[in-house]
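What follows is the residue order along each chain.
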Amino acid sequence: MLSARRAAMVRPGSGVLRPLGSLVPDLALPDFSVVNEPILAYRKGSQERTQLEKALKEAASTVQDVPIVIGGQEIRTDDVRHQVMPHDHQKKLAKFYYADSKTVQKAISVAVESQKKWDRTSLADRLKIWEKAADLMAGPYRQTLNAATMLGQAKTVIQAEIDSAAELIDFIRLNAYYLKENAKYQPISEDLKITKNSMRYRGIDGFIAAVSPFNFTAIGGNLSYTPALMGNAVLWKPSDTALLSNYVIFKIMLEAGVPPGVVNFVPADGPVFGDTITSSPHLAGINFTGSVPTFNRLWTQVGQNINKYTNFPRLIGECGGKNYHFVHPSADVQSVVNGTIRSSFEFCGQKCSACSRMYVPESLWADIKKGLLQARDKLKVGDVADFSSFTSAVIDDKAFARIKSYIDHAKSSSNLEILGGGQYDDSKGYFIQPTIVLTKDPKDKIMTEEIFGPVLTIYVYKDQDVNQALELVGTSTQFALTGAVFAQDEKFLRYALEELKMTAGNFYINDKSTGSVVGQQPFGGGRMSGTNDKAGSPYYLQRWTSPQAIKETFVPLTEIDYPYMKE
Ligand code: NAD
């Protein structure tokens with residue numbers, strides 16, 4: 001009733017302006033629901049294990065040629081590079097080519113042109129492509145993806161399966177589902193005989209630069225293809241050390257039906273790529289995951305060029321962490337020990353969410369120390385194709401040198417004591433033993449800086465100082481990515497939940513700081529850990545659209561004056 005009255009006040013008169021009705025059709029999207037991709041078990045004799053072993057053999061025995069691909073055209077420059085196996089660095093896995101600035105510019109022109117047409121592809125058609133891609137990844141290409149991730153990024157079977165199979169497939173499926181659900185929102189139309197209000201999703205005119213890290217194959221797929229799903233065209237700069245797995249994704253998406261030019265595969269030297277994209281007027285957004293210094297540099301360059309751009313570029317960056325496990329005297333010791341070993345040492349601590357600092361009460365220290373050291377001694381560090389390995393090598397020589405420098409610091413500092421591990425050897429692969437350090441100083445650099453390797457440092461506090469120890473969590477580092485509290489004392493947990501609110505974008509209670517699942521624990525951190533756009537949630541998609549609100553009016557406007565003016 002009220003809405004009809006309001007409409008009449010604003011729009012007196014009668015008649016029909018355009019009898020044909022609305023030009024904006026109601027969205028006809030398929031109705032479907034999704035579940036997370038199951039993680040396969042790879043038991044001896046299983047089909048998936050046989051298939052994976054075959055894929056590993058194939059990938060290990062060839063050096064794959066990976067071109068730059070722009071608008072469907074394969075390009076090979078003179079600047080030739082190789083991706084090697086981190087656990088056996090004399091073995092080459094892929095040969096690839098760096099794009100120079102001119103080639104990056106060419107990719108920009110192609111993307112800008114492609115975006116215009118791609119943005120007109122209906123949402124329903126895009127959803128079909130994404131569904132097909134997820135099926136290809138879950139089925140025929142699952143072990144190709146896993147083998148490339150295992151050999152190229154030194155992941156064990158389970159670490160590859162949760163990344164390049166489950167998480168990647170989840171990103172593709174769930175993002176399609178979120179798009180369908182988000183698109184259901186339509187603005188209020190008070191009287192459809194008079195006006196209709198609609199909102200439609202558009203990409204952002206220009207191009208998106210997706211710059212991905214080495215450590216998760218799935219992140220590369222999400223950074224480049226979620227903007228594409230939303231109607232954007234993309235330049236994807238993969239990490240040199242995740243090149244092959246990322247190229248497999250690119251090929252699958254083409255096969256599924258993403259038209260050439262919508263996503264362009266552009267390996268390049270980081271700064272060359274960054275300098276070129278940030279100086280293009282067409283830059284519509286950067287979708288970055290990696291370290292804080294790289295994101296700072298890109299953000300600064302965008303700031304310096306701000307008067308050049310057609311749009312205000314969207315800047316999405318998920319960066320580093322200094323993730324913590326805080327243990328209360330009421331904690332369950334077994335959960336602490338097992339959760340910490342997995343969080344700190346799986347994939348050599350190279351998950352952005354890996355635990356690298358721990359706070360332990362004096363009363364539990366003896367038990368926790370014993371448990372951690374016993375578990376650590378059993379961890380097998382070796383070849384990824386050996387299914388009994390718990391973890392393998394770190395990614396490259398730079399990472400090896402950086403992590404080694406922290407271990408050497410621990411060896412030489414009087415505040416620090418290495419309790420277990422501390423050995424490293426890069427003669428065959430970049431191997432670093434899982435290392436446990438005890439610190440007397442809770443603010444030593446080993447407790448505050450991101451190491452991104454298998455180094456866990458522990459600070460033991462006096463039980464009566466638990467609240468002061470809790471304060472250290474938020475005041476020691478610039479990061480706020482993930483963190484966990486282990487306690488069974490409910491009053492303390494409630495207190496910690498408030499006190500630690502700003503210290504982590506992903507917060508765990510009685511669980512390890514790693515292992516977020518797409519759609520279950522949307523991911524991202526605050527402070528210098530990133531812009532916290534929550535990959536793996538419906539919110540993330542909204543960052544990649546520039547929606548258009550449309551009001552259609554069906555009756556003529558017959559007067560300028562309002563009725564009260566004539567009374
Ligand atoms: P990195 O910053 O070295 O590289 C990331 C990407 O940026 C690579 O593709 C690299 O080539 C590129 N790059 C480097 N310099 C560039 C420049 N000037 N312009 C444009 N691109 C440039 O990071 P990395 O070693 O690949 O990844 C590890 C880091 O990523 C860690 O800090 C980790 O915590 C973080 N990470 C964060 C998340 C998260 O969700 N928060 C997830 C994974 C990794």
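Treat the numbers as computed from the prediction; the structure is a model and nothing was measured.

Novice: How would you explain the overall build of the chain if you had to name every residue and give the values?
Specialist: The helix and strand tally for the chain stands at 17 helices and 23 strands. Here the C-alpha radius of gyration of the chain, 26 Å, is about what a compact globule of 567 residues would show, namely 24 Å. Along the three orthogonal principal directions, the C-alpha set of the chain runs to about 85 × 60 × 50 Å. When burial is assessed residue by residue, the chain has 56% of its 567 residues classed as buried. Summarising the internal contacts of the chain: among those between residues at least 6 apart in sequence, 77% fall at separations of at least 24. Carbon and sulfur atoms make up 53% of the accessible area of the chain, which amounts to about 24600 Å² in all. Taking the average location of the 63 positive side-chain charges in the chain and that of its 60 negative ones, the two points are 3 Å from each other.

Novice: Which residues make up the sheet that holds strand 14 (residues 416–420), and what are the values?
Specialist: A sheet is described by the order of its strands in space; here 7 strands give the open sequence 14-17-18-13-12-20-21, paired in mixed fashion. Since the sheet does not close on itself, it has two edges, and those belong to strand 14 and strand 21 (506–509), each with one partner. Across this sheet, the average inter-strand angle for adjacent strands is 20°, counted without regard to direction. Note that strand 12 (residues 323–327) and strand 20 (residues 482–486) share 4 bridges and pair parallel. Opposite Tyr324, over in strand 20, you have Gly483 as the bridge partner. Running at roughly 160° to strand 13 (residues 355–361), helix 11 (residues 333–345) makes contact with strand 12, strand 13, strand 17 (435–439), strand 18 (455–461) and strand 20 of the sheet.

Novice: Any details on the sheet that holds strand 1 (residues 64–66)? Residues and values, ideally.
Specialist: Ordered by their spatial adjacency, 3 strands build an open sheet running 1-5-4, and the pairing between neighbours is mixed. Two strands lie at the open edges of the sheet, namely strand 1 and strand 4 (80–85), each paired on one side alone. Each neighbouring strand pair of the sheet contributes to a mean axis angle of 40°, computed without reference to strand direction. The strands touched by helix 8 (residues 243–256) are strand 1, strand 4 and strand 5 (88–97); relative to strand 1, the strand with the most contacts, the crossing angle is about 70°.

Novice: Describe in detail the pairing of strand 17, supporting the description with residues and values.
Specialist: In terms of burial, strand 17 is a largely internal element, 5 of the 5 residues being buried. Burial along strand 17 is two-sided: the face carrying Thr435, Val437 and Thr439 and the face carrying Ile436 and Leu438 are both buried. In terms of strand pairing, strand 17 meets strand 18 through 5 bridges, oriented parallel. In the strand pairing of strand 18, Thr435 is matched with Val455.

Novice: So what about the state of the cysteines? Which residues, and what values?
Specialist: Enumeration according to the criterion identifies 0 disulfides in this entry. Take Cys319: it sits in no disulfide, and the sulfur closest to it among the cysteines is that of Cys352, at 10 Å.

Novice: Hey, could you go over the packing of helix 4 (residues 123–138) against helix 6 (residues 157–182) for me, with residue numbers and the actual values?
Specialist: Remark: helix 4 packs on helix 6, axes separated minimally by 9 Å, with the N-to-C direction vectors making an angle of 160°. In terms of axis orientation, helix 4 runs roughly antiparallel to helix 6. For the crossing formed where helix 4 meets helix 6, the hand is left-handed. On helix 6, the residues that touch Leu123, Leu127, Trp130, Ala133, Ala134, Asp135, Met137 and Ala138 of helix 4 are Leu168, Ile169, Ile172, Arg173, Ala176, Leu179 and Lys180. Class assignment of the residues belonging to the contact of helix 4 with helix 6 gives a composition of 12 nonpolar, no polar and 3 charged.

Novice: Hey, could you go over the domain arrangement of the chain for me, with residue numbers and the actual values?
Specialist: The domain boundaries assigned to the chain delineate domain 1 (47–317 + 530–549) and domain 2 (323–509). Between domain 1 and domain 2, the C-alpha centre-to-centre distance is 31 Å. Counting residues at the interface gives 24 residues for domain 1, matched by 27 residues for domain 2. Asp88 is the partner of Lys428 in a salt bridge, and the nearest nitrogen-oxygen pair spans 3.7 Å. If you look at where domain 1 meets domain 2, you find 7 residue pairs in polar contact (both at pLDDT 80 or more). If you list the elements that add at least two residues to the side of domain 1 that touches domain 2, you get helix 2 (47–60), strand 5, helix 5 (142–153) and helix 6. Looking at the side of domain 1 that touches domain 2 residue by residue, the class counts come to 11 nonpolar, 8 polar and 5 charged.

Novice: Tell me about the site of the ligand, residues and numbers included.
Specialist: Inspection of the region around the ligand gives 27 residues, with Ser212, Ser291, Thr294, Cys319 and Glu450 positioned closest. The separation between an oxygen atom of the ligand and a polar main-chain atom of Ser212 is 2.7 Å. In this structure, an oxygen atom belonging to the ligand sits 2.7 Å away from a side-chain N or O atom of Glu450. In isolation the ligand offers 850 Å² of accessible surface; the protein chains occlude 87% of this area. When contributions to the shell around the ligand are tallied by element, the ones reaching two or more residues are helix 9 (270–278), strand 10 (283–289) and helix 10 (292–304).

Novice: Any details on the nonpolar core? Residues and values, ideally.
Specialist: If you look at the biggest cluster of nonpolar residues, it comprises 74 residues, and the most contacted ones within it are Trp130, Met137, Tyr225, Trp236 and Met253. Of the residues forming this core, the biggest block, 11 residues, is contributed by helix 6. Membership of the second largest hydrophobic core comes to 44 residues, among which are Val381, Phe400, Ile432 and Val455.

Novice: Hey, could you go over the pattern of salt bridges for me, with residue numbers and the actual values?
Specialist: Inspection of the entire model under this criterion finds 29 salt bridges. Through salt bridges with shared partners, a single ionic network connects Glu37, Asp135, Arg142, Glu161 and Arg173.

Novice: Describe a nonpolar patch on the surface, naming the residues involved and giving the relevant values.
Specialist: A cluster of nonpolar side chains, Tyr562, Tyr564 and Met565, forms an exposed patch at the surface whose accessible area comes to about 360 Å². The residue Tyr564 is located in the segment after strand 23 (548–553) in this model.

Novice: Got a sec to walk through unusual backbone geometry? Specific residues and values, please.
Specialist: The phi dihedral of Asn532 falls on the positive side, at around 55°, and the residue is not glycine. With respect to the helices and strands, the residue Asn532 is situated in the loop between strand 22 (526–527) and helix 17 (538–542). Look at Asn532 and you get partly exposed, because its relative accessible area is 30%. Here Lys534, not a glycine, exhibits a phi torsion of approximately 60°, which is positive. Residue position: Lys534 is located in the loop between strand 22 and helix 17.

About the criteria used
- Residues numbered from 1 in each chain as written.
- Predicted model: local features only at pLDDT ≥ 70, side-chain atom pairs only at ≥ 80, totals over all residues.
- Heavy atoms only, no water.
- Helix = DSSP H or I, 4+ residues; strand = E, 2+ residues; numbered from the N terminus.
- Rg over C-alpha atoms; globule rule 2.2 N^0.38 Å.
- Buried < 20%, exposed > 50% of the residue type's maximum accessible area, 1.4 Å probe, protein only.
- Contact = heavy atoms within 4.5 Å.
- Areas by Shrake-Rupley, 256 points an atom, 1.4 Å probe, with all protein chains shown as cover.
- Lys, Arg positive; Asp, Glu negative; His and termini not counted.
- Charge placed at Lys NZ, Arg CZ, Asp CG, Glu CD.
- Pairing = 2+ DSSP bridges.
- Axes fitted to C-alpha atoms, helices over the stretch in contact; angles between N-to-C directions.
- Disulfide = S-S within 2.5 Å.
- Parallel < 35°, antiparallel > 145°, perpendicular 65-115°, else oblique.
- Left-handed = near helix turned anticlockwise from the far one by under 90°.
- Nonpolar A, V, L, I, M, F, W, Y, C, P; charged D, E, K, R; others polar.
- Domains from an automatic or database assignment.
- Salt bridge = Lys/Arg side-chain N within 4 Å of Asp/Glu carboxyl O.
- Polar contact = N/O pair within 3.5 Å; in protein donor to acceptor, adjacent residues only side chain to side chain.
- Near = heavy atom within 4 Å.
- Core = buried A, V, L, I, M, F, W, Y, C linked by side-chain atoms within 4.5 Å.
- Patch = residues over 30% accessible without salt bridge, like charges linked within 9 Å, V, L, I, M, F, W, Y side chains within 5 Å.

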